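Listed here are the chains, written in short residue letters.
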Amino acid sequence: MTRMTDMYGMSRTRPTLVAVAVGSLLLAGTAATAQAATGGQSTATPSTQVTFADATGSTGPAQPIPGATGGGTLNVLQQDTFGHLDPAQVYVNNQAQLATLIDRGLTTYRLDNSGAYSVVGDLATDSGRMSDGGRTWTYTLKTGIRWEDGTPITAADIRQSVERLFAPFVTSGPTYLQQWLAGTNGADYRNLLPEGPYTGKHLPDSVLSTPDARTIVFHFKKAEPDLPYALALAGYSAVPQAKDTQQAYDTAPVASGPYRIQEFKPGVSMTLVRNTQWDPATDSARHQYPDRFQISFGVSSVDSTHRMIADSGDDRTAVSFTNSVDPDSIAGVVADPQQAGRTLAGYQSYVAQVNFNMKRVTDLRLRRALAYAIPTKAVYDAQGGSYGAELAGSFISPTMPGYRKSDPLGKVAHPEGQPDKARRILKDLHKLGTKIRYAFVDSPAGQQYSAAIEAALDKAGFDVERVAIPGRNYYDTVGSTTNTFDMYGSAWGADWPSGLTVIPPVFDGRTIADDSSNHSMVNDPRVNRRIDRIEAITDEQKAATAWMSLSDYIAKDVVPAVPTVYYKQMQMFGSHVGGATYHRFFCNIDATRLFVKP
């Protein structure tokens, strides 16, 4: 899904990755406990059903939020600035949260007041009309949809939005749609339109057709039944053809959602104000209650938690899109009924892992020794224990279809690590003293868990050099195929409820490229072949089971990484914030439902 921006990896959550963030998975029983303890709203169980809505379900306005009033300013406290504003480059959770307010795509998620989720037509009249056995999808644009300058949104804008995804400067967003249109699993999808639409060339009508100003037709080489899910990703939001400034668009996007950017000072602040051209009658998923969102950057989870606990002045209207409750404060917050009543707890789909750079650590036996030695409890403790994380044995999270308890590397059974076992491997290989360059996010939690991991590896016989990397640069640094580190953390979450959005993005060797989510740079032919076979399975349950089995194989027989924790999320908000609801697919508070209480 998206990488996470947080302790482990910061600013690149795309597909959410983070090496140790505060927040991710809660098992069903735990989620219910958290909800009861906090008085907040929690997500449903992992089996929550999602429907694809027709035109009726996609027609605005959105259901009114009970008790909601218009006006006022919400103060948003964020640890990290927004690294990208161009939708095509958005694949990190904090940026995706912003996108729900300023961008729109062909589809989106709708959360009803009943707690039911559906994929609805956003700019489109419905979630899509499938034909030709799933190889053709047709969308019709709604009437009355406009850019912030009042210009109508047309099929030409959607074509531009799709074609620009192939341009060389687009490196950070999702690639599902591009690969499906090109009929490839690898990075060579760009060969379909190497320069994007900027040299006058376009995708042929046999791939993407726009027969009139309101109709868009996608043609795929094989069935793609998950297209409505994919198009709901922030990375596939629309960009106006007339205002597409290529790389420069990343700093000056044009809004189609209920808010627009009035001012942005990177690293300091952002102000969102109402987009007067947004028509609620065209939007079944969003609201426009506050007059503005005033966003402040550089506010750590520790600071935002303390400010919301104090709940004074402007902090009474404070929220955070992605900051979690500071792990050291969780117990006190939960014990205080008034504070607990201002929290949300829910599932996140992220799984944290420590990646091994397979261009540098080429010996499988060395990777196994590293995996055995790493104490995953250090990551667990840094997240606040059971409130913020759960020890992981698999790369597939408990929120996913087909999940079963699994621990092929013994990380759940031995959370303190097995340094003695690792040392025996190094001794047999005559490689005691092997040097390991370990990159981690420079944050309080990052310092905490990385020091514990370094101590365990030293005990096992490795010679570890820890390298702290600022969160704002973390994924750009470890995402380089020529990075000089042997191991580094990340976290990945499913883009939608399918192993298709976990295993291929993270472990398909054909996706290796700068800024790819395959951070270990694993390229195992057996894994690649099994990915192809599973993608051809049309039975969802059989496919889910197969993805889980492949995850076990990767962990046990390839060892490109070691899973550390499944994430849970607890967030807090001020006493004058209304409509606070945890969104299962955003894995954070739903910014589109918020309002300021009088």
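Remember, it's a predicted structure, so these values are computed and weren't measured experimentally. (Residues numbered from 1 in each chain as written. Predicted model: local features only at pLDDT ≥ 70, side-chain atom pairs only at ≥ 80, totals over all residues. Heavy atoms only, no water.)

Counting residues in hydrophobic clusters, the biggest one holds 141 residues, and the most contacted among them are Leu177, Phe218, Phe462 and Met487. Here this core gets nine residues from one element, more than from any other, and that element is helix α16 (residues 540-558). Residues in contact with Phe218, not counting those within four places in the same chain, are Leu106, Arg135, Thr136, Trp137, Tyr139, Val162, Leu177, Leu181, Val207, Leu208, Leu227 and Leu231. (Core = buried A, V, L, I, M, F, W, Y, C linked by side-chain atoms within 4.5 Å. Buried < 20%, exposed > 50% of the residue type's maximum accessible area, 1.4 Å probe, protein only. Helix = DSSP H or I, 4+ residues; strand = E, 2+ residues; numbered from the N terminus. Contact = heavy atoms within 4.5 Å.)

Here the focus is the packing of helix α15 (residues 525-535) against α16. Where α15 meets α16, the axes come as close as 10 Å, and the angle between the chain directions of the two elements is 175 degrees. The angle between the axes of α15 and α16 places the two elements in the roughly antiparallel class. Taking contact as the criterion, the partners of Arg526, Val527, Arg530, Ile531, Ile534 and Glu535 in α15 are, on α16, Ala543, Ala546, Trp547, Ser549, Leu550, Tyr553, Ile554 and Val558. Here the contact of α15 with α16 is composed, by residue class, of ten nonpolar, one polar and three charged. (Axes fitted to C-alpha atoms, helices over the stretch in contact; angles between N-to-C directions. Parallel < 35°, antiparallel > 145°, perpendicular 65-115°, else oblique. Nonpolar A, V, L, I, M, F, W, Y, C, P; charged D, E, K, R; others polar.)

Here we come to the sheet that holds strand β3 (residues 107-111). Read from one edge to the other, the open sheet built from three strands follows the order β1-β4-β3, with strand pairing classed as mixed. Only two strands of the sheet have a single partner each, and these edge strands are β1 (50-52) and β3. Going from strand to strand, the sheet's axes swing by 30 degrees on average, the running direction of each strand aside. Sheet analysis places β3 next to strand β4 (residues 117-121), joined by five bridges and oriented antiparallel. By the bridge assignment for β4, Arg110 is matched with Ser118. (Pairing = 2+ DSSP bridges.)

When its volume is computed, the largest cavity comes out at roughly 430 Å³. Taken together, 35 residues form the lining of the largest cavity, with Ala96, Thr100, Ala232, Ala234 and Phe586 sitting closest to its centre. Those elements that provide at least two residues to the lining of the largest cavity are α2 (93-102) and β3. (1 Å grid on protein atoms, 1.4 Å probe; cavity = no way out; pocket = protein on both sides within 12 Å on 5 of 7 lines; lining within 4 Å. Points joined across faces, edges and corners; volume = space filled by probe spheres on them.)

Segments scoring low in pLDDT should not have their predicted coordinates read at a detailed level. Per-residue confidence for the chain gives a mean pLDDT of 90, with 92% of residues at or over 70. Every residue in residues 5-47 scores below 50 in pLDDT, and together they form 227 contacts with partners more than four places removed in sequence or on other chains. (pLDDT = per-residue confidence, 0-100.)

Strand direction decides the pairing type here: strand β9 (residues 259-265) and strand β10 (residues 269-274), joined by six bridges, are antiparallel. The residue of β10 that forms the bridge with Arg260 is Val273.

Under the counting rule described, the total for this entry stands at 26 salt bridges. Between Lys377 and Asp381 there is a salt bridge, with the nearest N and O atoms lying 2.9 Å from each other. With a gap of four residues between them, Lys377 and Asp381 both fall in helix α10 (residues 376-382), about one helical turn apart. With a relative accessible area of 27%, Lys377 lands in the partly exposed category. Looking at Asp381, the relative accessible area reads 35%, which means it is partly exposed. The partner of Asp463 in a salt bridge is Lys435, and the shortest N-O contact between them spans 2.7 Å. Here the residue Asp463 occupies a position in strand β16 (residues 463-469), and Lys435 occupies one in strand β15 (residues 435-441), the gap between them amounting to 28 residues. With a relative accessible area of 33%, Asp463 lands in the partly exposed category. In this structure, a network of salt bridges that share partners links the residues Arg104, Asp122, Asp283 and Arg286. (Salt bridge = Lys/Arg side-chain N within 4 Å of Asp/Glu carboxyl O.)

Bringing the side chain of Thr108 into the picture now. Along the chain, Thr108 turns up in strand β3. With residues up to four places along the chain from it excluded, the contact list for Thr108 reads Ser118, Val119, Val120, Asp122, Ala232, Ala285 and Arg286.

Another point: the layout of surface pockets. In this structure, the second largest pocket occupies an estimated 620 Å³ of space. Lining the second largest pocket are 36 residues, with Thr175, Gln179, Asn185, Tyr189 and Thr511 sitting closest to its centre. Going through the elements one at a time, α4 (176-182) and α14 (503-507) are the ones with two or more residues in the lining of the second largest pocket. When residues of the lining of the second largest pocket are assigned to their parent elements, the largest contribution, four residues, is made by α4. Grouping the amino acids of the lining of the second largest pocket by side-chain chemistry returns 13 nonpolar, 13 polar and ten charged.

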